[in-house]
Amino acid sequence: MSFATFMLISALIFLAIIFLYVIIFNPQNRTEDKIERMLSPKFNRSYKYVSPHGDAVIFDIINKKIALYNQYGFTIFDYADLQEVSVQTNNAVTHSTKTGSLAARAVIGALVAGPAGAVIGGVTADRQEVSKVKSIMVQIVTKNTARSHNEIIFFRIDGPGELSHAATNYIQGQALDCYGRLKIIVLQNSRWTNNIGV
């Protein structure tokens, strides 16, 4: 057997092992399987965010419920229970929304562009650039649930190293998209809490 043949076979075996690892041991795949077993068939999986870390947020827009899965387990709560949401990059809050804090922007948006303007006015946010990303997470605060503070880790490196620029943009985009959906729900809760008819 020639050296080139040996190297080709070794490379193919290495790629096969990596492929099997990704399929069998990938935390994202295991998380999705666990979630499917835990969710009721009545839970409409409208939007789903499963992080490479293995945490997940699933939205049911029909029944107005959110399912969370993280290191502490699995929980489901109603839209009305969502009070606060924030994005943290490298343990610093980069985006934050609380019930009531969106009222002014939503009212201005409603005056300018009607109901659609209220939603747009409530969810406008700046995207901040962070050079060395070690962690990206979404913090969710709810009421009337067993766990009121939840953390969905989209990415975290505990040791040396950092995330590539392309991977940072993708994962940050997923976290911000999830945050945007949660922020709209906080806006809706704020509107009803503050009796703002939009």
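Residues numbered from 1 in each chain as written. Predicted model: local features only at pLDDT ≥ 70, side-chain atom pairs only at ≥ 80, totals over all residues. Heavy atoms only, no water.

**A few points about a nonpolar patch on the surface**
Stage number 1. Taken together, the side chains of Met1, Phe3, Phe6, Met7, Ile9, Ile13 and Ile17 present a nonpolar region at the surface, about 790 Å² in accessible area.
Stage number 2. Along the chain, Met1 falls in the segment before helix H1 (3-25). (Patch = residues over 30% accessible without salt bridge, like charges linked within 9 Å, V, L, I, M, F, W, Y side chains within 5 Å. Areas by Shrake-Rupley, 256 points an atom, 1.4 Å probe, with all protein chains shown as cover. Salt bridge = Lys/Arg side-chain N within 4 Å of Asp/Glu carboxyl O. Helix = DSSP H or I, 4+ residues; strand = E, 2+ residues; numbered from the N terminus.)

**Considering the sheet that holds strand S7 (residues 135-142)**
Stage number 1. Spatial strand order, S6-S5-S7-S8: four strands in an open sheet with antiparallel pairing. Lying at the two open borders of the sheet, with one neighbouring strand each, are strand S6 (92-98) and strand S8 (149-156). Strand after strand, the sheet turns through a mean of 15° between neighbouring axes, direction not considered.
Stage number 2. Two strands pair when backbone bridges link them, and strand S5 (residues 82-89) and S7 are joined in this way by seven bridges, in the antiparallel orientation. Bridged to Val87 within S7 is Val138. (Pairing = 2+ DSSP bridges. Axes fitted to C-alpha atoms, helices over the stretch in contact; angles between N-to-C directions.)

**Looking at the pairing of strand S4 (residues 73-78)**
Stage number 1. Residue alternation in S4 divides its side chains into a buried set, Gly73, Thr75 and Phe77, and an unburied set, Phe74, Ile76 and Asp78.
Stage number 2. Sheet topology note: the strand S3 (residues 65-70)/S4 ladder contains six bridges and is antiparallel. Considered in S4, the bridge of Asn70 is made with Gly73.
Stage number 3. Hairpin connection from S3 to S4: two residues lie between these consecutive antiparallel strands. (Buried < 20%, exposed > 50% of the residue type's maximum accessible area, 1.4 Å probe, protein only.)

**Comments concerning the packing of aromatic side chains**
Stage number 1. Overall, the coordinates contain one aromatic pair when judged by the stated rule.
Stage number 2. Relative to Phe59, the ring of Tyr49 has its centre 6.1 Å away and its plane inclined at 85°; by these criteria the two rings are edge-to-face. Taken together, the residues span a long stretch of sequence, with Tyr49 in strand S1 (residues 47-50) and Phe59 in strand S2 (residues 56-60) at a distance of ten residues. Taken individually, Tyr49 and Phe59 each receive the classification buried, so the pair is uniform in this respect. (Phe/Tyr/Trp six-rings, centres within 6.5 Å; stacked < 30°, edge-to-face > 60°.)

**Re the pattern of salt bridges**
Stage number 1. Taken as a whole, this structure holds one salt bridge when the rule is applied.
Stage number 2. Ionic pairing is found between Asp78 and Lys65, a salt bridge with its closest N-O pair at 2.5 Å. On the criterion of sequence distance, the pair formed by Asp78 in strand S4 and Lys65 in strand S3 is long-range, its members being 13 residues apart.
Stage number 3. Here Lys65 falls in the partly exposed class, since its relative accessible area comes to 28%.

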